[in-house]
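Close look at the chain arrangement
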Amino acid sequence: MSEPIFVDLSESKPTEIESLCMKCQENGVTRILLSKIPHFKEIIIMAFECPHCGFRNNELQSAGVVNERGHTITLSIQNKEDLNRQLVKSDYCAVKFLELDMEIPANNDRGLLTTVEGLVSNAIDDLAAGQPVRKAMDEAVYNRIEEILATMNEYREGRPFTIVLDDPSGNSYAENRCLPNQDPQIKLRWYTRTPEQQAFLGLQNDQTPAEEAAERVIKATASEMVNDKGLPEVMSFPANCPSCNGPCATNMHMMEIPHFKEVVIMATNCEHCGYKSNEVKAGGSISDKGRRITLRLTEAEDLSRDILKSETCGLSIPEIDLELTQGTLGGRFTTVEGLLRQVHDELQGRAPFIQGDSGTDESKQKWANFLDSVNKVADGKMFPVTLIINDPLANSYLQNLYAPDDDPEMTIEDYERDWETNEELGLNDMKVDNY
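How each quantity is defined
Residues numbered from 1 in each chain as written. Predicted model: local features only at pLDDT ≥ 70, side-chain atom pairs only at ≥ 80, totals over all residues. Heavy atoms only, no water. Helix = DSSP H or I, 4+ residues; strand = E, 2+ residues; numbered from the N terminus. Buried < 20%, exposed > 50% of the residue type's maximum accessible area, 1.4 Å probe, protein only. Contact = heavy atoms within 4.5 Å. Areas by Shrake-Rupley, 256 points an atom, 1.4 Å probe, with all protein chains shown as cover. Pairing = 2+ DSSP bridges. Core = buried A, V, L, I, M, F, W, Y, C linked by side-chain atoms within 4.5 Å. pLDDT = per-residue confidence, 0-100. Salt bridge = Lys/Arg side-chain N within 4 Å of Asp/Glu carboxyl O. Axes fitted to C-alpha atoms, helices over the stretch in contact; angles between N-to-C directions. Parallel < 35°, antiparallel > 145°, perpendicular 65-115°, else oblique. Left-handed = near helix turned anticlockwise from the far one by under 90°. Nonpolar A, V, L, I, M, F, W, Y, C, P; charged D, E, K, R; others polar. Expected span 1.5 Å × (residues − 1). Polar contact = N/O pair within 3.5 Å; in protein donor to acceptor, adjacent residues only side chain to side chain. Patch = residues over 30% accessible without salt bridge, like charges linked within 9 Å, V, L, I, M, F, W, Y side chains within 5 Å. Lys, Arg positive; Asp, Glu negative; His and termini not counted. Charge placed at Lys NZ, Arg CZ, Asp CG, Glu CD. Phe/Tyr/Trp six-rings, centres within 6.5 Å; stacked < 30°, edge-to-face > 60°.

Re the overall build of the protein chain
Helices and strands together make up the secondary structure of the protein chain, namely nine helices and 25 strands. Here the protein chain holds 435 residues, and 41% of them are scored as buried. Residue pairs in contact within the protein chain that sit at least 24 positions apart in sequence constitute 63% of those at least 6 positions apart. Element-wise, carbon and sulfur atoms account for 48% of the exposed surface of the protein chain, whose accessible area totals about 24,100 Å².

Focus: the sheet that holds strand β12 (residues 173-174)
Judged by pairing direction, the sheet is antiparallel, and its three strands sit side by side in the order β10-β7-β12 without closing on themselves. Edge positions in the sheet fall to β10 (112-115) and β12, since each of these pairs with one other strand and no more. Here strand β7 (residues 86-89) runs beside β12; their pairing, made up of two bridges, is antiparallel. Bridge pairing links L87 to A174 in β12.

A word on the nonpolar core
Core analysis: the biggest nonpolar cluster contains 29 residues, and I317, L322, L340, L347, L387 and L398 have the highest contact counts within it. Secondary-structure elements contributing two or more residues to this core are β18 (290-297), β20 (314-317), β21 (322-324), α6 (336-349), α8 (361-378) and β23 (385-391). One finds L87, V95, L149 and I186 within the second-largest nonpolar core, a separate group that totals 28 residues.

Description of the confidence of the model for the protein chain
In the predicted model, the protein chain carries a mean pLDDT of 80, and the fraction of residues at 70 or more is 82%. Across the protein chain, the element-wise mean pLDDT spans from 47 in helix α5 (residues 208-228) up to 94 in strand β11 (residues 161-167). Note that residues 205-215 has pLDDT below 50 and, in this model, 11 contacts with residues that lie over four places away or in other chains. Confidence drops under pLDDT 50 across residues 221-231; counting only partners more than four residues distant or on other chains, this segment forms 14 contacts.

Digging into unusual backbone geometry
A cis amide bond links F383 to the next residue, P384, at an omega of -5°. Secondary-structure assignment places P384 in the loop between α8 and β23. Going from A403 to P404, the amide bond is cis rather than trans, its omega being 5°. By secondary structure assignment, the location of P404 is in the loop between β24 (397-398) and β25 (410-415). With phi around 60°, D321 is a residue other than glycine that occupies positive phi space. On the secondary structure map, D321 appears in the loop between β20 and β21.

Observations concerning the pattern of salt bridges
Where charged atoms from two side chains of opposite charge come close, those side chains can pair. Applying the stated criterion across every chain, the model contains 17 salt bridges. Note that E81 is salt-bridged to R177, the shortest N-O span being 3.9 Å. Here E81, found in the loop between β6 (70-77) and β7, pairs with R177, found in the loop between β12 and β13 (186-191); they are 96 residues apart in sequence, far enough to count as distant. Overall, E81 belongs to the exposed group, its relative accessible area being 54%. Connected through salt bridges with shared partners, the residues D82, R85 and D183 form a single ionic network.

A closer look at the sheet that holds β24
Judged by pairing direction, the sheet is antiparallel, and its three strands sit side by side in the order β22-β19-β24 without closing on themselves. Lying at the two open borders of the sheet, with one neighbouring strand each, are β22 (332-335) and β24. The sheet contact formed by strand β19 (residues 306-309) and β22 spans four bridges and is antiparallel. By the bridge assignment for β22, L308 is matched with F333. Relative to the sheet, α6 contacts β19, β22 and β24, its axis offset from that of β22 by approximately 115°.

Some thoughts on the packing of α6 against α8
Close contact between α6 and α8 brings their axes to 9 Å; oriented N to C, the two are set at 165°. Taken together, the axes of α6 and α8 lie roughly antiparallel to each other. Crossing angle aside, the handedness with which α6 passes α8 is left-handed. The segment α6 lies against α8, with E337, L340, R341, H344, L347 and Q348 engaging W367, F370, L371, V374, N375, V377 and A378. Residues of the contact of α6 with α8, tallied by class, amount to eight nonpolar, three polar and two charged.

Some details on helix α3 (residues 139-156)
In this model α3 runs 26 Å from its N-terminal to its C-terminal C-alpha over 18 residues, within 8% of the 26 Å that 1.5 Å per residue would give. Among the residues making up α3, those that are buried are Y142, I145, I148, L149, T151, M152 and Y155. Looking at the buried residues of α3, the elements they touch are β8 (94-97), β9 (102-104), α1 (116-129), α2 (131-137) and β11. With a side-chain oxygen lying 3.2 Å from the backbone nitrogen of A140, the N-terminal cap of α3 falls on D138.

A look at a negative patch on the surface
A surface patch of negative charge is lined by D418, E420, E423 and D429. Inspection of the secondary structure assignment puts D418 in the loop between β25 and α9 (419-424).

So, the packing of aromatic side chains
Applying the stated rule across the entire model yields five aromatic pairs. Arranged with centres 5.6 Å apart and planes meeting at 85°, the rings of Y92 and F200 form a pair that is edge-to-face. Residue Y92 is found in the loop between β7 and β8, and its partner F200 is found in helix α4 (residues 195-200); the two are separated by 108 residues along the sequence. Residue classification places Y92 among the partly exposed positions, given a relative accessible area of 26%. The exposure class assigned to F200 is partly exposed, which follows from its relative accessible area of 37%. Plain terms: the ring middles of W367 and F370 are 5.4 Å apart, the flat faces sit at 35° to each other, and that makes the pair tilted. Taken together, the residues span about one helical turn, with W367 and F370 both in helix α8 at a distance of three residues. Per residue, the accessibility class of W367 equals that of F370, and both read buried. Aromatic rings pair up to connect F97, Y155 and F161 into one cluster.

Pasting the structure below:
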């Protein structure tokens with residue numbers, strides 16, 4: 001059996017290659033390390049050093065697959081201690097300093113594994129490098145850059161500020177210091193990539209054939225439901241694999257969940273690279289109110305209940321301090337046990353700094369205990385616990401074993417969405433009157 005190309009950081013050794021120094025034109029040494037770290041999966045770390053002029057350079061590239069969706073990470077820096085938070089910034093990630101209204105575009109810098117202070121220092125160095133030329137050519141721009149540099153130097157001394165990482169590849173990361181709970185200083189939002197972002201990532205330059213095929217399928221499905229008043233068979237339309245960009249098929253099926261509503265199940269399976277994905281979306285109109293479902297899990301049978309978790313749904317189990325924000329895991333139609341297994345695997349792969357060398361023994365033990373608690377609930381070894389599903393669009397469902405009667409262990413509460421929630425969902429700008 002051949003040895004794996006990518007191995008853990010603790011087991012790997014760099015490969016040295018003689019390379020030309022672009023500064024003094026002498027030969028230096030490039031060290032290349034193929035490694036795996038949690039969340040970023042497989043990475044390539046490259047470092048160059050020239051013994052003649054002392055020039056040094058380093059770069060990090062992702063060698064794993066691109067996530068199904070992009071995301072933005074908003075991180076609030078409140079004190080000097082927050083400058084030590086570690087960051088993974090992919091080469092597709094744009095960085096914005098909100099208070100300065102300044103953005104570092106994607107591909108302006110290479111992928112980085114750094115800290116907040118390191119990111120700020122890199123920005124200062126890049127801006128300061130061109131100041132002598134700016135002073136000679138445009139003194140007004142020079143003065144404005146000097147103001148920005150002064151402010152960013154204050155950031156390094158502990159002045160509060162906010163940074164936003166916008167990464168269409170979904171492969172950037174900001175250290176969460178409150179795991180397993182949500183960090184109040186980090187706001188994560190997942191989004192569907194635009195065709196332009198797909199092309200930027202090199203995944204799909206032309207989406208028109210797939211979009212046209214999908215539109216034809218949806219129209220045919222709607223027509224069939226109107227004429228036959230029944231459920232259609234599984235429909236298939238051509239698409240491009242988001243991992244290898246090869247041709248593949250996306251299957252779609254519309255089904256009705258008893259005592260709930262109609263849903264659309266979509267699944268993609270690429271025969272070329274083995275990529276698989278599935279997604280569930282609720283059909284029908286947007287609900288007027290949000291819905292919170294509370295279920296008390298008291299026996300192993302409760303773990304087999306069907307659950308539809310939409311992409312706008314949050315989930316929590318207070319007894320084990322589990323809290324998932326909206327967008328985590330996307331849309332899923334599974335069982336309670338299956339969802340908990342997915343939560344465990346997802347969280348285990350998205351905590352690189354807790355489990356790595358930068359994590360303390362106390363934080364590692366705390367994280368291990370938390371993951372063990374999730375497993376105990378999924379295995380039916382920890383009862384009773386409370387499962388809370390909160391969906392502002394009321395598109396999530398949890399099976400009632402006593403339907404159509406009320407479930408004694410389940411509470412369903414409909415509530416009015418606040419303005420902030422409607423704004424985040426894009427409903428405040430949605431005008432349908434006289435459309």
